[in-house]
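Structural overview for review
Chain residues, written in single-letter form:
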Amino acid sequence: MNRRNYQKELDVIIEENIAAATVPTLLLHSCCAPCSSYVLEYLSQYFAITDFYYNPNISPATEYEYREEELSRLIREMPTRHPVTFLSGKYEPKRYYEAVKGYEDAPEGGERCEICFRLRLEEAAKKAKELGLDYFTTTLTISPMKDPVLLNRIGEEMADKYGVKFLPSEFRKRNGFKRSTELSKEYGLYRQNFCGCVFSRMEAEKREAEKRESEKREADMREAEKLDMEEGQAEKRGNKTDSSKKIVPPIEI
């Protein structure tokens, strides 16, 4: 069975709106400034955007606030064809921990992540409905680490539940992720090495520790090989010197 092409579905919606000479309103759920950069550059050509920062999974509070500040700064500094408005959601870490209770040891990308996606996309759908916007969607599909099929399915479920249209996406296509890294450099954005929750931070720290240990082992092996080579070369030089010595016969009296 062929997987849906969410990018092509988005293309059709954009083309229909262009043909109708309309600029729909869109609530864009954003997880961070780097992931939002390309998505804002792309979608602001066709939509008037309310950028909604709602991420109760992010920990600690200082990390949450720093990401929020970076996203707000990006929106202020990035030129866009149609307006982009920043909207800060409530920071509700307790709600997140209650939702994922019992799934603390689930692997990255597993059941805990699905619960987190549902929590954030439901809040985005509710907010879009409350504000009377035409569509809602999320920047999360730009990540190579996130499942676009799952995210689009959850978005469509929330669209049915709250009566607001979900904009299908797979923003990592067409070099979307690559473009986000370029824009991050251009605007000097803070790029974190974990998705945001304490569990992903622990996994990131574990990966870093394993990487450092692996690099240390490789460095030790290279040093040992270098010493072995130097000792072998020294031994060869010693043997060569011994064999070149002339033996002087004893003088008979």
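For the structure, check the block above.
What comes next concerns the included structure. (Residues numbered from 1 in each chain as written. Predicted model: local features only at pLDDT ≥ 70, side-chain atom pairs only at ≥ 80, totals over all residues. Heavy atoms only, no water.)

Focus on the pairing of strand E4 (residues 135-138)
Quick reminder of the rule: Remark: exposure states derive from per-residue accessible area (1.4 Å probe, protein chains only) relative to the maximum for the residue type, with buried under 20%, exposed over 50%, and partly exposed in between. Under the scheme used here, helices are H or I runs from DSSP no shorter than 4 residues and strands are E runs no shorter than 2 residues, and both carry numbers assigned from the N terminus. One bridge is not enough; two strands pair if DSSP finds at least two bridges between them.
Judged by which residues are buried, E4 turns out to be covered on both faces: Tyr135 and Thr137 on one side and Phe136 and Thr138 on the other are all buried. The pairing of strand E1 (residues 25-29) with E4 spans four bridges and is parallel. Across the sheet, histidine 29 pairs through a bridge with threonine 138, a residue of E4. Pairing of E4 with strand E5 (residues 165-166), which is carried by two bridges, proceeds in the parallel orientation. Pairing of phenylalanine 136 across the sheet is with phenylalanine 166, part of E5.

Some details on unusual backbone geometry
The peptide bond linking serine 59 to proline 60 adopts the cis configuration, its omega dihedral lying at -5 degrees. The residue proline 60 is located in the loop between strand E2 (48-53) and helix H3 (61-77) in this model. You will see that alanine 21, though not glycine, has its phi angle at about 55 degrees, which is positive. What makes alanine 21 exposed here is its relative accessible area of 70%. Even without being glycine, asparagine 175 reaches a positive phi, approximately 60 degrees. You can see asparagine 175 is positioned in the loop between E5 and helix H7 (176-186).

Some details on the pattern of salt bridges
Cut-off, in case you're wondering: Each salt bridge in this description consists of a side-chain nitrogen of Lys or Arg and a carboxyl oxygen of Asp or Glu lying within 4 Å of one another.
Counted by the stated rule, this structure contains 20 salt bridges. Put simply, lysine 126 and glutamate 123 hold a salt bridge, and the shortest N to O gap is 3.8 Å. On the criterion of helical spacing, the pair formed by lysine 126 and glutamate 123 is a turn pair, its members being three residues apart in helix H5 (residues 111-131). The exposure class assigned to lysine 126 is partly exposed, which follows from its relative accessible area of 34%. Judged by its relative accessible area of 15%, glutamate 123 is buried. Beyond isolated ion pairs, a larger network of salt bridges with shared partners links Glu41, Lys178, Arg179 and Glu182.

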